[in-house]
Amino acid sequence: MKRIISLLLCIAMLFMFASCKDKKDPVQGKEEPKYLCEADSGKVKIVSINATDGVFVEKGNKDEVTQTATITVLNDSDRMLEYAEIVFTVNEYERAEFIVSALPAGQKCVVMETTAREMKSDDKYTLDSQSCTFAYCDQNLTPAEAEVKADGSTISVTNKTDAQKDILVTYKYFKDDKYYGGIAFRGKFEQVKPGETVQKTSSRFDNDCKIVNITIYG
C-alpha cells in the first residue's frame, strides 16, 4: 500500500511540474504578453503609461516638456490606424486625451497627452472606452501609379500614369524601433502631370522620419 501511495504522489508531482512549466516558461510560447488595457475589441493595445521628459511633437513643434503623461500604443489590427482618440479618466473626474494618426499595422507608437498634461505619481488613469474613437484605412507604400523617393529632407514623386494625379505622402517620426509622436505629417503633390517628377523639401522630414502611406487621387 505504501508503494502505491508513493507512486501516486510521484505522478501527481510530475503533473504539477508540467502544469507550472506550461504557464511560466516563455520559451514554450504559451505566456501571453501583458498590456495595461485594450481598446476597440483588442485591435488597439495600451502597452504602458508613464511620465516622460522630451520633445513635445504632438502640435507639430519641438518644445521640451517634463513629466508629461505618455502612452505607448500598439496597433494590433491588420490595417493602418488612420486616426484614434484614446481617452482616459484621471482621478475619476479629469480627462487625458491621446491622438494617434497613421500608425501602421503591428507597430508601436509613443504618444504624449495632447495638452502636455503633467503626470503625477499618485494619478490614476482609467480608459474611457465610450469616449474613444478609432478609424482604419489600407496602407500602400508601393502604388503602381507613382514612384516616391526620399533623399535627406527632399521627397520626390513621379507620376507613372497617363493622367494627371494628386499624390499624398504621409510620414511620421521614427526612433528606437517605434514611431515617436501620435502626429503624422502629409505632403501633397498636386496636379502632377503624366511622367512628371516633382520634388519638395520639408524641414520636418529627415533621417528620423519614415514614410508610412502613399495615396493617389484623380
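Bear in mind that the values here come from a model prediction, so they are computed numbers and not experimental data.

1. Observations concerning the sheet that holds strand 10 (residues 154–159)
Taken together, three strands build an open sheet; the order of strands is 9-10-14 and the sheet is antiparallel. Looking at strand neighbours, the two that pair on one side only are strand 9 (146–151) and strand 14 (197–201), the edges of this open sheet. Averaged over all neighbouring strand pairs, the angle between strand axes comes to 15 degrees, with direction disregarded. Sheet topology places strand 9 next to strand 10; six bridges connect them, and they run antiparallel. Within strand 10, the residue paired with D151 across the bridge is T154.

2. Section: the pattern of salt bridges
Tallying each qualifying case throughout the model produces eight salt bridges. A salt bridge links D76 to K45, with the shortest nitrogen-to-oxygen separation between them at 2.7 Å. With D76 in the loop between strand 3 (63–75) and strand 4 (80–90) and K45 in strand 2 (residues 44–56), this pair connects stretches of sequence that are 31 residues apart. R95 is the salt-bridge partner of E97, the closest N and O atoms lying 2.8 Å from each other. Overall, the relative accessible area of 17% leaves E97 in the buried class. For R95, a relative accessible area of 46% translates into the label partly exposed.

3. A closer look at the packing of aromatic side chains
Enumeration according to the criterion identifies six aromatic pairs in this entry. Measuring from centroid to centroid gives 6.0 Å for F88 and Y125, while their planes differ by 65 degrees, and the two rings are edge-to-face. In this pair, F88 sits in strand 4 while Y125 sits in strand 7 (residues 125–127), placing the two residues 37 residues apart along the sequence. Assigned by exposure class, F88 and Y125 land together as buried. Note on Y171 and F205: the rings are 4.9 Å apart at their centroids and 90 degrees apart in plane angle, and the pair reads as edge-to-face. One end of the pair, Y171, is in strand 11 (residues 165–175); the other, F205, is in the loop between strand 14 and strand 15 (209–217), with 34 residues separating them in the sequence. Exposure class is identical for Y171 and F205. Each is buried. Each member of the aromatic cluster is reached from another via a ring pair, and the members are Y171, Y173, F185 and F205. The positively charged end of K188 is found above the aromatic ring belonging to Y217, 6.0 Å away from the centroid.

Reading guide: rules and limits
Residues numbered from 1 in each chain as written. Predicted model: local features only at pLDDT ≥ 70, side-chain atom pairs only at ≥ 80, totals over all residues. Heavy atoms only, no water. Pairing = 2+ DSSP bridges. Helix = DSSP H or I, 4+ residues; strand = E, 2+ residues; numbered from the N terminus. Axes fitted to C-alpha atoms, helices over the stretch in contact; angles between N-to-C directions. Salt bridge = Lys/Arg side-chain N within 4 Å of Asp/Glu carboxyl O. Buried < 20%, exposed > 50% of the residue type's maximum accessible area, 1.4 Å probe, protein only. Phe/Tyr/Trp six-rings, centres within 6.5 Å; stacked < 30°, edge-to-face > 60°. Lys NZ or Arg CZ within 6 Å of the ring centre and 35° of its normal.

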